[in-house]
Amino acid sequence: SQKIEQNSEALNIQEGKTATLTCNYTNYSPAYLQWYRQDPGRGPVFLLLIRENEKEKRKERLKVTFDTTLKQSLFHITASQPADSATYLCALEGVTGGGNKLTFGTGTQLKVEL
Amino acid sequence: DAGITQSPRHKVTETGTPVTLRCHQTENHRYMYWYRQDPGHGLRLIHYSYGVKDTDKGEVSDGYSVSRSKTEDFLLTLESATSSQTSVYFCAISEKGQILREQYFGPGTRLTVT
């Protein structure tokens, strides 16, 4: 069956360091991969999308890589700040005819400490 | 929250009672989705809609029905609520295209079935 794995343990890092979050998947051939941020008590917020034929995508302090051979995406936050503390979700989308149905991972909680 | 509202925001109900959750959007997006989020499972798709009166099942549709009579409204109904349906429910919207594939989420409804 299709499976998406994100590290369930919280990631604690110091302010200013680079945070790297991992998303691994099996039995899936996604056409697109997305990353979302979720704060407690709120809905997820879209951050970045990367296509299967792209290796890397950047947006300000964020960088996403997508390795379809390893079936893995890495999400990097450089110069991390306490305000970056949140849960980060990866989501995969296959090629379908009815909307862009996403399958989400369970998320990794990031804590950036002063 | 990208012009998406959910009502009610919180609800406590008894086992066996019907419950309807409403999602309303002002973005005129074609696609609408209902998810539930539970610890250890992440976000799971219940039902989605790709147009007025056009709906389809998601991963965890048993015990739920939906209706969409207008572009802006997507209703989720629990015909006879069970304790296993205690969860946080999120509505999301999207368009589908090569560029605009991200989903925008509402604030969520916390449902408790006693």
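In case you missed it, the structure is sitting above this.
Numbers given for residues are sequential positions, taken from 1 along each chain in its written order. The naming scheme follows written order: chains are lettered A onward, ligands numbered 1 onward. Note on the predicted model: pLDDT of at least 70 is required for a residue's local features to be given, and 80 or more for side-chain atom pairs to be given and counted; whole-chain, interface and lining totals, by contrast, use all residues. No hydrogens and no water enter the side-chain calculation; it runs on all heavy atoms of the structure.

1. Some words on the pattern of salt bridges
Residue and element names in this part refer to chain A. As a reminder, the rule being used: Every case where a carboxyl oxygen of Asp or Glu lies within 4 Å of a side-chain nitrogen of Lys or Arg is listed as a salt bridge. Secondary structure is summarised from DSSP: a helix means a run of H or I of at least four residues, a strand means a run of E of at least two, and numbering begins at the N terminus for each. For every residue, the accessible area (1.4 Å probe, protein chains only) is compared with the maximum for its type, and the residue is labelled buried under 20%, exposed over 50%, or partly exposed between those bounds.
All told, the structure shown has 10 salt bridges over all chains when counted by the stated rule. Ionic pairing is found between R61 and D84, a salt bridge with its closest N-O pair at 2.9 Å. Residue R61 is found in the loop between strand 6 (56-59) and strand 7 (62-67), and its partner D84 is found in the loop between strand 8 (72-77) and strand 9 (86-93); the two are separated by 23 residues along the sequence. Judged by relative accessible area, which is 26%, R61 ranks as partly exposed.

2. Quick word on the pairing of strand 8 (residues 73-78) of chain B
All names here are of chain B. To keep things clear, this is the line we draw: A pair of strands is labelled paired if DSSP reports no fewer than 2 bridges between them.
Of all 6 residues that make up strand 8, 5 are buried, and the element is covered over most of its length. Two elements, strand 3 (residues 19-25) and strand 8, share 6 bridges in a ladder whose sense is antiparallel. What sits directly across from L21, in strand 8, is L76. The sheet contact formed by strand 7 (residues 64-70) and strand 8 spans 5 bridges and is antiparallel. Bridge pairing in strand 8 links V66 to L76. Linking strand 7 to strand 8, which pair antiparallel, is a turn of 2 residues.

3. Description of the environment of C23 of chain A
Residue and element names in this part refer to chain A. Rules: Should any heavy atoms of two residues lie within 4.5 Å, those residues are considered in contact.
Structurally, the position occupied by C23 is in strand 3 (residues 19-26). For C23, a relative accessible area of 0% translates into the label buried. Discounting residues that sit within four places of it in the chain, C23 has contacts with I4, E5, Q6, W35, K71, Q72, S73, C90 and L92.

4. Re unusual backbone geometry
Here the amide bond leading from S7 of chain B into P8 of chain B is cis, since omega sits at -10°, within 30 degrees of zero. Within the secondary structure layout, P8 of chain B lies in the loop between strand 1 (4-7) and strand 2 (10-13). Phi angles above zero are rare outside glycine, and A79 of chain A is one such case at about 45°. When you line up the elements, A79 of chain A lands in the loop between strand 8 and strand 9. Residue classification places A79 of chain A among the partly exposed positions, given a relative accessible area of 39%. Positive phi values are uncommon outside glycine, yet N28 of chain B reaches one of about 60°. Looking at the element boundaries, N28 of chain B is found in the loop between strand 3 and strand 4 (31-38). Note on N28 of chain B: relative accessible area 57%, which makes it exposed.

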